[in-house]
Amino acid sequence: MKRWGALIASTIIAATAAVAHGGSPAMAAESADLSLTSWAYVDSQSPRAKVVDAAVTPPVGTSHDDAQRAHTYRSYFTYDLTSIKDTVVHSSYLSTTETAVTDCSVPVTVEVWRTRPVKDNTSWLRPPAELEKLASAARGAGSRYCPSFLGLDMVSTLNAALGRHEKSITLELRITAAQEATPNTGRTYEKPRLSATVNHPPRAVDLHLLYPDRGCGTLAKPSPATRNTYFSATARDADEGDYPSLLFAIWPVDHPDQRREFRNYYSTDLSQYAHGTVLAWQAQASDYYDAGPWSRTCYIVMDTIGPAAAPKVSSRTYPEGDTPGGGSGIEGTFRFDGAGDRDVVAFAWRDSLGSSGRIAARHPGGRAILKYTPQLRRETTLVVSAIDAAGNGGPERTYRFRVAETAPRVDVTVNGVGLPSTITFVAAKPETTEFGYQIGNGAEVRLPAVDGRATGPVTFTTRGNVEVAVRSYAKNKLIGQDKVQVWVTDAPGVESAEFTWDTDQVAGKAGSFTFRPRNSDVVSYEYYLDDEWKTIPAAADGTAVLTWTATPGWHSMVVRSIASDGSRSLEADHQFNIIDTRPTAYAHELSGWPRRDGVGVPLGIELGSGLPNLTGFAYRFDGGPEKTVSSEGNPYANITVTPRHAGDNSVVVEALLADGTRSPATTYTFGIWSGPVVTWAPEGSGTVGRPVTFTFHPGLPDVASYRYSVDGADEQTIPAGADGTATVTYTPQSWGYSEVRVTSVGSDGTESDLRAAPFDVRDNRVDVYSTYDWSRRGIGWTGYFYFYTQLFGEVTEYHYRVNDGPEQVLPASTDGTSTLVAVPFDRNGTNVIHVQSLTAGGELSPVTDYEFTVGDAPYVVSEQYPDSSWSGGAGVPGTFEFSGGTPGIVSFSWQIDDGPVTDVPADSTGKASITYTPQANFESHTLSVTGRKADGTETGTTRYYIYVSNHA
């Protein structure tokens, strides 16, 4: 898309007729005005002449010269259209402004015309013929502005000119004929600017078919096509940056009314057309703005029948069957033969690994040669089919063959970069006389085979992953080859007799490390140990020996060699552990949050040591007496201490050894939380409605008061007693997780840490639930409900009543589960169970009201076939009784599975029964029963499941 000329501001004053057009294009483009190639005017005072390209402002209308002679003018402007040839104009505007007006009070109508071109003989007497009036604009008296602006939309005018293949357009500016000679109508204009935004519609070219490639086709010789055909064309767009798309159309040549259009993103389904149908097709390119012309017409003929027979496949190198042929990595020649079927023009093949290809026959029905190297060892399969000109495949031929194991087995011992390494070959075939290896693109090295083996030196010059081609020869004939990947590293070797992965030494042990070169150029080594890099020079043989006295902890030594040019090798990592002579101590509880430790709260501490012959630990807590604990053959032992003050506390620990000696001591210092310790009575979980007394114990000396809140309530303050404690009584009103938050305040204003003590509150109400939905079943059915209490162990009974019935007593379950209660349904609609729990101490809980809905579906029962239970058998009749559901039922309708619906009247008590005899064992049937009242209304439907066993 290109834009020519400047856009005109939306606040244009002139009122001219505009041709409506679509929305503006979204893309920016080049800007330029259409070229004004020439302009001319004619003058009534010079009736046989014209003035061309004068250096004056173009005049129109009548004005007087100094001699008071009246001059009537018309001006003509010719614009070049060749720059927008073959485009579509999307927006265009002709604009100019009056530069002078003789008399603004004189009413005039200014007109713009499209005319014939200005010629050599053009004059006032022979003006260009006016072809089309483009605009009329009233000026003068009553005009808001004088001089004023004049503009008009030129989209349709330019598109029409381009449609006529005109190279230029001439526009006339004049006063309407009836006013043209009126005095003082004269005015002059700026030369009009003609702007345009245009787009080159793209064209569809190079039409053809793909997979296989074939031409567009002619009516006389259409290209063959299959049910799934790939159509192809190229969209050419002269505008840079546009992204055209393609639309295709297809129709039977004898039914153009069946033309359909499609996008060819994938293959196109042509299965609706019969074999032999001739179809015409075209393509059309479109960009964001315009659709180009439809292309020339191409032709295809439907060919839905592939070659009749599978091709013949043969190979001398790899004969079909179980006899191994060729060799590992050896290329074979495979011949595909169309056996004279001229429908065969190519062959498609694929192998066991998924590789595939297509190869053309030398001539229709002829042969093709495939050069193929098997990638699998042992058995390989080629599946081959013949292909016709349309791409249809015929029956497949499966060719199985075996590959002889001829490539050598290879082992490479890598000693480094630039150092002699070793390559060892073992022959796969006894006739092997020589081996070869080639590193990358280097020269091949040959080694003679002796008793099927060969060993030779190999030097790798680069580190990293190196590909080595290896080959077997029999009297200089290649019989097998393969490629092996070799990892070459120049990271130094690190050895130590004392410090290894498998052996833990004790700190203070003296030992050494030997660094061995894996590069021909090593002058020193850098090593990282004990948190710093150090350097040690290499000896003449490239090795270095580092002596070291062990320090405790896990060590990961990193070593790299340095070459004479300063370059560094890859890094070697040598890991080992050194046992600390001093034991460890750690209180895991102190790493949790919120903190639970405090003054007077027992604290567990784990003691540990990796020393051999460990028997236990001796420890002193916070300056107290020494105590011992046995490790019982383990490297760890646990102790419990009770801090007596907040802040830093310490444990001094020594490991005890079997020989009676002790390790050096470790002092473990840890901080104890100063927040008050919270206890409560009764202990354990609280209960809704039962008072609980919290006691705050000081974590700091000289506590004067406590600030506290319970369960998110407003903070309160309570004074501390003489012993520094304080008590608060609280009655929970809701169950769940609660929290006591408390801070102590000393007499000097010192505040402790904030303690957040969790407190669990149990619900004292009974929870009622049911696992079934009884919303449809009606009177006569029984509902099963469960009573559950969080006060398990205390509750001994449940007292309940259904609706306004009598109170009933049910013993509470003693196994920690819910207590089941059966409730017969005797009332439709909403029902309520009212239940309370009773504890052994005689405490009744608040009443829980549990609502449930009873429907109106009938009650169904059978002695022979209980609901949803395997029973009865083939030929065993079952009696099914209907009742209940809701009062007033006069009949029941019933149905087995999808069988007929049958009515049965109810007796005076509202009951009815039927007999049904199943005909086969191990079947299931659904009995559907609906009640009907005297007024014709129906109840809900009960579905009763009959499972037929073979008990009979």
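Residues numbered from 1 in each chain as written. Predicted model: local features only at pLDDT ≥ 70, side-chain atom pairs only at ≥ 80, totals over all residues. Heavy atoms only, no water.

Before going further, it helps to examine the overall build of the protein chain. Of the regular secondary structure elements, the protein chain holds one helix and 72 strands. The C-alpha atoms of the protein chain give a radius of gyration of 52 Å, which is well past the 30 Å a tight globule of 952 residues would have. Oriented by its inertia axes, the alpha-carbon framework of the protein chain measures out at about 135 × 110 × 95 Å. (Helix = DSSP H or I, 4+ residues; strand = E, 2+ residues; numbered from the N terminus. Rg over C-alpha atoms; globule rule 2.2 N^0.38 Å.)

By the definition in use, this model includes 36 salt bridges. Ionic pairing is found between Glu 794 and Arg 690, a salt bridge with its closest N-O pair at 2.8 Å. Of this pair, Glu 794 sits in the loop between strand S59 (782-788) and strand S60 (795-802) while Arg 690 sits in the loop between strand S51 (686-687) and strand S52 (692-697), placing them 104 residues apart in sequence. Here Arg 707 and Glu 751 are joined by a salt bridge, their closest N and O atoms 3.1 Å apart. (Salt bridge = Lys/Arg side-chain N within 4 Å of Asp/Glu carboxyl O.)

Before going further, it helps to examine the environment of Leu 529. Considering the arrangement of structural elements, one finds Leu 529 in strand S38 (residues 524-529). Taking the C-alpha atoms as reference points, Leu 529 and Gln 790, separated by 261 residues in sequence, lie 60 Å from one another. The residues contacting Leu 529, other than those within four sequence positions of it, are Phe 513, Trp 548, His 555, Met 557 and Phe 576. (Contact = heavy atoms within 4.5 Å.)

Once that is clear, we can look at the packing of aromatic side chains. One pass over the structure, following the stated rule, counts 51 aromatic pairs. Ring centres of Tyr 399 and Phe 401 lie 5.9 Å apart, and the angle between their planes is 45°; this geometry places the pair in the tilted category. The residues Tyr 399 and Phe 401 share a single accessibility class, namely buried. One aromatic cluster is present, formed by Tyr 318, Phe 334, Trp 349, Tyr 372, Tyr 399 and Phe 401 through successive ring pairs. Here the guanidinium or amino end of Arg 560 rests over the ring plane of Trp 533, the centre of that ring lying 4.0 Å away. (Phe/Tyr/Trp six-rings, centres within 6.5 Å; stacked < 30°, edge-to-face > 60°. Buried < 20%, exposed > 50% of the residue type's maximum accessible area, 1.4 Å probe, protein only. Lys NZ or Arg CZ within 6 Å of the ring centre and 35° of its normal.)

Once that is clear, we can look at unusual backbone geometry. With glycine set apart, most residues show a phi of negative sign, and most peptide bonds adopt trans. Between Trp 593 and the following residue, Pro 594, the backbone shows a cis peptide bond with an omega angle of 0°. Inspection of the secondary structure assignment puts Pro 594 in the loop between strand S43 (584-586) and strand S44 (603-608). Within the chain, Asp 702 stands out as a residue other than glycine whose phi angle is a positive 60°.

Before going further, it helps to spend a moment on the nonpolar core. Among the nonpolar cores identified, the biggest contains 34 residues, and Leu 81, Val 89, Leu 94, Val 112, Met 154, Leu 158 and Leu 173 are the most heavily contacted of them. Here Met 154 is in contact with Ser 92, Tyr 93, Leu 94, Leu 134, Leu 171 and Leu 194, once residues within four sequence places are set aside. If you look at the next biggest cluster of nonpolar residues, it comprises 23 residues, including Leu 603, Leu 614, Val 629 and Val 653. (Core = buried A, V, L, I, M, F, W, Y, C linked by side-chain atoms within 4.5 Å.)

It is worth spelling out the confidence of the model for the protein chain at this point. One rule of thumb: low pLDDT means the predicted coordinates there are not for detailed reading. Mean pLDDT over the protein chain works out to 93, with 96% of the residues at or above the 70 mark. In this model residues 3-30 is a low-confidence stretch, pLDDT under 50, and it forms 61 contacts with partners more than four residues away in sequence or in other chains. (pLDDT = per-residue confidence, 0-100.)

Our next topic: the sheet that holds strand S58 (residues 767-769). Pairing is antiparallel in the open sheet, where three strands are placed in the order S58-S59-S62. Two strands lie at the open edges of the sheet, namely S58 and strand S62 (819-824), each paired on one side alone. Averaged over all pairs of adjacent strands, the angle between strand axes in this sheet comes to 30°, irrespective of strand direction. Bridge analysis of S59 against S62 gives six bridges, and the strand direction is antiparallel. Each residue of the ladder has a partner; that of Phe 785, found in S62, is Val 821. (Pairing = 2+ DSSP bridges. Axes fitted to C-alpha atoms, helices over the stretch in contact; angles between N-to-C directions.)

Okay, the sheet that holds strand S16 (residues 245-252) next. The sheet built from five strands is open, its strands ordered S14-S20-S19-S16-S17 with mixed pairing. Of all the strands in the sheet, just strand S14 (223-225) and strand S17 (260-262) have a single pairing partner and so form its edges. Pairwise comparison of adjacent strand axes, ignoring direction, gives a mean angle of 35° for this sheet. As defined by bridge partners, S14 adjoins strand S20 (residues 298-302) across three bridges and the pair is classed as parallel. Bridge pairing links Ala 225 to Met 302 in S20.

So, on to a positive patch on the surface. A cluster of like positive charges, contributed by Arg 316, Arg 335, Arg 362 and Lys 371, occupies part of the molecular surface. Structurally, Arg 362 can be placed in the loop between strand S24 (356-360) and strand S25 (367-372). (Patch = residues over 30% accessible without salt bridge, like charges linked within 9 Å, V, L, I, M, F, W, Y side chains within 5 Å. Areas by Shrake-Rupley, 256 points an atom, 1.4 Å probe, with all protein chains shown as cover. Lys, Arg positive; Asp, Glu negative; His and termini not counted. Charge placed at Lys NZ, Arg CZ, Asp CG, Glu CD.)

What follows deals with the state of the cysteines. Within the structure shown, the criterion is met by two disulfides. Shown here is the disulfide that connects Cys 104 with Cys 146, its sulfur atoms set 1.9 Å apart. Taking the sign of the S-S torsion, about -80° here, the bridge from Cys 104 to Cys 146 comes out left-handed. With a gap of 42 residues between them, Cys 104 in the loop between strand S6 (88-101) and strand S7 (108-115) and Cys 146 in the loop between strand S8 (130-139) and strand S9 (149-153) connect regions that are remote in the sequence. Exposure remark for Cys 104: the relative accessible area of 33% places this residue in the partly exposed category. Note on cysteine connectivity: Cys 216 is disulfide-linked to Cys 298, with sulfurs 1.8 Å apart. Handedness here is read from the sign of the S-S torsion; for Cys 216 and Cys 298, about -110°, the answer is left-handed. On the criterion of sequence distance, the pair formed by Cys 216 in the loop between strand S13 (203-210) and S14 and Cys 298 in strand S20 is long-range, its members being 82 residues apart. Here the cysteine-cysteine linkages of the protein chain are recorded as 1-2, 3-4, numbering only bonded cysteines and doing so in sequence order. (Disulfide = S-S within 2.5 Å.)

The next point concerns the side chain of His 925. Mapped onto the fold, His 925 is located in strand S71 (residues 923-933). There is a polar contact of 2.8 Å between the side chain of His 925 and the side chain of Asp 897. Every residue in contact with His 925, bar those within four places of it in the chain, is listed here: Ile 896, Asp 897, Tyr 916, Tyr 944, Tyr 945, Ile 946 and Val 948. (Polar contact = N/O pair within 3.5 Å; in protein donor to acceptor, adjacent residues only side chain to side chain.)

Before going further, it helps to examine a nonpolar patch on the surface. There is a patch of nonpolar side chains on the surface, built from Tyr 772, Tyr 784 and Leu 820 and spanning about 310 Å² of accessible area. Considering the arrangement of structural elements, one finds Tyr 772 in the loop between S58 and S59. Classification of Tyr 772 by relative accessible area gives exposed; the value is 51%.

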